[in-house]
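# Tertiary structure, described
Next come the chains, spelled out residue by residue.
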Amino acid sequence: MDQFEKLYDEHENVKVRFTGFTTENARYDFGVVYSSLFFGKPLVVCMQTGRSTLLEPKDLDDIEHLQHVFRINDEEQANELVEFFSDILPSAPFITQYD
């Protein structure tokens, strides 16, 4: 381990939400990790594919990003995710974490 420079090693008790839901088009299963790290952005993990991203409400304006991250080809499905995430993502105030 001497060849690596440690950037951070934090331990934190966090709130985690697991949620599954269906729409007319698909089934979704997500884990959402609410942390004070990563500038306050929750870590969203698709439990079906293992794909993950940090999301905040303003990221939902970029539907193409959601489609890319979660590999969704259908824009209607992406819009369903925007609607879901709009309800559960807290607004993330910018928090300085690094000196």
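Residues numbered from 1 in each chain as written. Predicted model: local features only at pLDDT ≥ 70, side-chain atom pairs only at ≥ 80, totals over all residues. Heavy atoms only, no water.

## Some thoughts on the overall build of the chain
Put simply, the rule is: Only DSSP runs of H or I reaching four residues or more are called helices, and only runs of E reaching two or more are called strands; each is numbered from the N terminus. Only protein chains enter the accessibility calculation, which uses a 1.4 Å probe; a residue whose area is less than 20% of its type maximum is buried, one above 50% is exposed, and one in between is partly exposed. Contacts: residue pairs with any heavy atoms within 4.5 Å of one another.
Assigned secondary structure in the chain consists of 2 helices and 4 strands. For the chain, the N- to C-terminal ordering of α and β elements is β-β-β-β-α-α. In terms of principal-axis extent, the alpha carbons of the chain reach across some 50 × 30 × 25 Å. Split into buried and exposed, the 99 residues of the chain put 35% on the buried side. Considering only intrachain contacts with a sequence separation of at least 6, the fraction spanning at least 24 residues in the chain is 38%.

## A few points about the environment of D9
For clarity, the cut-off: Side-chain atoms alone can form a polar contact between residues adjacent in sequence; in general such a contact is a pair of N or O atoms within 3.5 Å, and within protein one must be able to donate a hydrogen while the other accepts it.
Of note, D9 is situated in the segment before β1 (15-22). Residues D9 and T19, spaced 10 residues apart in sequence, show a C-alpha to C-alpha distance of 28 Å. A distance of 3.3 Å separates a polar atom in the side chain of D9 from a polar atom in the side chain of K6.

## Details of the packing of aromatic side chains
To be explicit about the condition: Side-chain rings of Phe, Tyr and Trp (the six-membered ring for Trp) are treated as a pair once their centres are within 6.5 Å; stacked means planes under 30 degrees apart, edge-to-face means over 60, and tilted covers the remaining angles. By definition here, charges over rings are those cases where NZ of Lys or CZ of Arg is within 6 Å of the ring centre and within 35 degrees of the ring normal.
Taken as a whole and assessed by the stated rule, the structure comprises 8 aromatic pairs. Geometrically, the ring pair formed by F30 and F70 is edge-to-face, given 5.4 Å between the ring centres and 75° between the ring planes. Placement of the pair is F30 in strand β2 (residues 27-34) and F70 in the loop between α1 (63-69) and α2 (75-88), with a sequence separation of 40 residues. For F30, a relative accessible area of 2% translates into the label buried. Lying over the aromatic face of Y34, K15 brings its terminal NZ or CZ to 5.4 Å of the ring centre.

## Details of the pattern of salt bridges
For clarity, the cut-off: Put simply, a salt bridge is a Lys or Arg side-chain nitrogen that is within 4 Å of an Asp or Glu carboxyl oxygen.
Tallying each qualifying case throughout the model produces 5 salt bridges. D29 is the salt-bridge partner of R27, the closest N and O atoms lying 2.8 Å from each other. In this structure D29 comes out as buried when scored by relative accessible area, which is 16%. Residue K41 pairs with E56 through a salt bridge whose shortest N-O separation is 3.6 Å.

## Section: the sheet that holds β2
This is how the line gets drawn: At least two bridges found by DSSP between two strands are what make those strands a pair. To define axes, lines are fitted to C-alpha atoms, for helices over the stretch in contact only, and angles between the resulting N-to-C directions are given on a 0 to 180 degree scale.
Spatially, 4 strands are ordered β1-β2-β3-β4 in an open sheet, and the strand pairing comes out antiparallel. Each end of this open sheet is capped by a strand with a single partner; those strands are β1 and β4 (52-54). Averaged over all pairs of adjacent strands, the angle between their axes in this sheet comes to 20°, without regard to strand direction. Pairing of β2 with strand β3 (residues 43-46), which is carried by 4 bridges, proceeds in the antiparallel orientation. Note on β3: the bridge partner recorded for G31 is V45. Strands in contact with α2 are β1, β2 and β3; relative to β2, the strand with the most contacts, it is inclined by about 35°.

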